[in-house]
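The residues making up each chain are set out below.
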Amino acid sequence: MEFSLRSNFLLGVASAPTQIEGGSLSHSWTEWAKIGKIKDDSSPKRANDHFRRFKQDIDLMKSLGIKVYRLGIEWARIEPKENCFDDCAVTYYRNLLTYLLYSGIKPLLTLHHFTNPMWFERKGAFSHRKNIPLFLRFVEFAVNAFGDLVSEYITINEPNVYATHSYFYGQWPPGETSLPKALMVMSNMAVCHIKAYDAIHKIRKNKGFDDTKVSFAHHVRVFTPKNPDSLSDRFFTSLTHHAFQGAVNSAFYKGEFKLPLTNTLKVKRGEYADFIAMNYYSRSTVSGMKDGVKENVAVNDLGWEIFPRGLELCASELYKVIQRPIYITENGTCDNNDSFRSRYIFDHLHVISESGLPFERYYHWCFCDNFEWIEGEAARFGLVHVDFETQKRTVKKSGRFYSELIDEKGVSDDMYQRYVSDENYNRSSVTAND
């Protein structure tokens, strides 16, 4: 078993500031941990201590051959109080970005990755149209502060996941369960993305830069009916797909707001992505209003179905909406014992290698084990093992595989035998691509 990747294809890693930096910041996830909402009672106050160890982590990335890195900046660190920006935080991120560039690693900068400063959260965050200018002020400040070091930006990470988990299911802060509010949040975030897209291009153009690239990171899934012969299951599959990602495609990429989303600030239609930034993890099986997993399929340690072929299916869907280069900005799996991660990476990159779509980058989620939102420290997605008590980093077998994959621009038969052949998913009688 072997494959080769295109000569211009880059392999990197991804992270989010709340999940790695640590520190006692006044933001939504610190407060969520304080009230006992994290399954293992951990807190982002510890995380990976990356704020103090960023050079060590970047050195480790460099040693593994990583050339591109998707990272984020913490809004609550930069603007801890409304309209009060912290010079020390700006210096920290400038030092981090400068060290990345010095190390030969190109940054892709995420401006919002699920977490809000508490002053913004208390105002209702993205649930109120009047708060949109507050986010845009932060975007403009960030691009002015870091725009000489960064040419590529993600405005918002997974707006559909943020809206549904925070305002529909109530599992994430602020823990509300209102469908109308969840839809309003997604609508306002679409406006935020479009206006941020224009602002980022304008600011960098005025500074003489002509290499700006902007997108949003879209969480996409394959949706399939539990019973293909059931009219009800087929209907709810179509409805779920449209509400979760179909309407998002139109609004964020094109400024075309289709029900149930609304154009809250009457932004113009256009094209608002310079590349497709796609986060892909799994397939969902729909029965009525329930989102589940097929029987007898490969699953990871969180019970998510492993369905590599879905990566191309979802990428094809997005490419039909807007024809742009495709970056896989997140793909990875919870594998606490690192027993099948190499196979997971192999299978997904194999799909990419055989596709005719214009894939240009793959950012593995994630580099180091980290604070995984409500799962806490118990769910391990990293190529590098972290002992959270000592903060010791140890490259896993899958990390060594990924490093060789970068160096070889593909997988040889020898690599397959050494890293992949003895790994199996938790599955019954199906193969990874069934």
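Please read these numbers as outputs of a predicted model, since none were measured by experiment. (Residues numbered from 1 in each chain as written. Predicted model: local features only at pLDDT ≥ 70, side-chain atom pairs only at ≥ 80, totals over all residues. Heavy atoms only, no water.)

Engineer: Which residues make up the side chain of Asn 160, and what values go with them?
Structural biologist: Among the structural elements, Asn 160 can be located in helix α8 (residues 159-167). Under the relative-accessibility criterion, Asn 160 is labelled buried at 0%. Of the polar contacts made by the side chain of Asn 160, one reaches the backbone oxygen of His 219; its length is 2.9 Å. (Helix = DSSP H or I, 4+ residues; strand = E, 2+ residues; numbered from the N terminus. Buried < 20%, exposed > 50% of the residue type's maximum accessible area, 1.4 Å probe, protein only. Polar contact = N/O pair within 3.5 Å; in protein donor to acceptor, adjacent residues only side chain to side chain.)

Engineer: Please provide a residue-by-residue account of the environment of Glu 74, values included.
Structural biologist: Within the fold, Glu 74 resides in the loop between β3 (68-72) and α4 (75-78). Glu 74 sits in the buried class, given a relative accessible area of 3%. The contacts of Glu 74, once residues within four sequence positions are left out, are Pro 17, Thr 18, Glu 21, Leu 25, His 27, Tyr 93 and Thr 115. (Contact = heavy atoms within 4.5 Å.)

Engineer: So what's going on with the pattern of salt bridges? Residues and values would help.
Structural biologist: Applying the stated criterion across every chain yields a total of 25 salt bridges. Among the ionic pairs, Asp 422 bridges to Lys 397, the shortest N-O distance being 3.3 Å. Of the two residues, Asp 422 is situated in the segment after α14 (413-420) and Lys 397 in helix α13 (residues 397-408); the sequence distance between them amounts to 25 residues. Take Asp 422: its relative accessible area is 55%, and that puts it in the exposed class. One network of salt bridges, with partners in common, ties together Arg 46, Glu 377 and Glu 389. (Salt bridge = Lys/Arg side-chain N within 4 Å of Asp/Glu carboxyl O.)

Engineer: Would you mind going over empty space enclosed by the protein in detail, with residue names and values included?
Structural biologist: On inspection of all chains with the given rule, the structure shows five cavities of 30 Å³ or more. There is about 60 Å³ of room inside the largest cavity. Residue lining of the largest cavity: Ser 15, Ile 20, Asn 48, His 50, Asp 57, Met 61, Tyr 69, Phe 367 and Cys 368, and that is the complete set. At three residues, helix α3 (residues 50-63) tops the list of elements feeding residues into the lining of the largest cavity. Taken together, the residues that form the lining of the largest cavity break down as five nonpolar, three polar and one charged. (1 Å grid on protein atoms, 1.4 Å probe; cavity = no way out; pocket = protein on both sides within 12 Å on 5 of 7 lines; lining within 4 Å. Points joined across faces, edges and corners; volume = space filled by probe spheres on them. Nonpolar A, V, L, I, M, F, W, Y, C, P; charged D, E, K, R; others polar.)

Engineer: Go over the environment of Thr 224 with me, naming the residues and quoting the values.
Structural biologist: You can see Thr 224 is positioned in strand β6 (residues 213-225). Taking C-alpha positions, Thr 224 is 23 Å from Ile 322, a pair spaced 98 residues apart along the chain. In this structure, Thr 224 is in contact with Thr 237, Arg 283, Ser 284, Thr 285, Val 286 and Lys 294, ignoring residues within four places of it in sequence.

Engineer: How would you sum up the confidence of the model for the chain? Please name residues and give values.
Structural biologist: In this model, the chain carries a mean pLDDT of 96, and residues with pLDDT of at least 70 account for 98%. Overall, residues 428-434 carries pLDDT values under 50, and its contacts beyond four positions in sequence, including any with other chains, amount to 15 contacts. (pLDDT = per-residue confidence, 0-100.)

Engineer: So what's going on with the nonpolar core? Which residues, and what values?
Structural biologist: Core analysis: the biggest nonpolar cluster contains 144 residues, and Phe 146 and Met 278 have the highest contact counts within it. In terms of residues, this core owes the most to one element, helix α9 (residues 179-206), which gives 13 residues. (Core = buried A, V, L, I, M, F, W, Y, C linked by side-chain atoms within 4.5 Å.)

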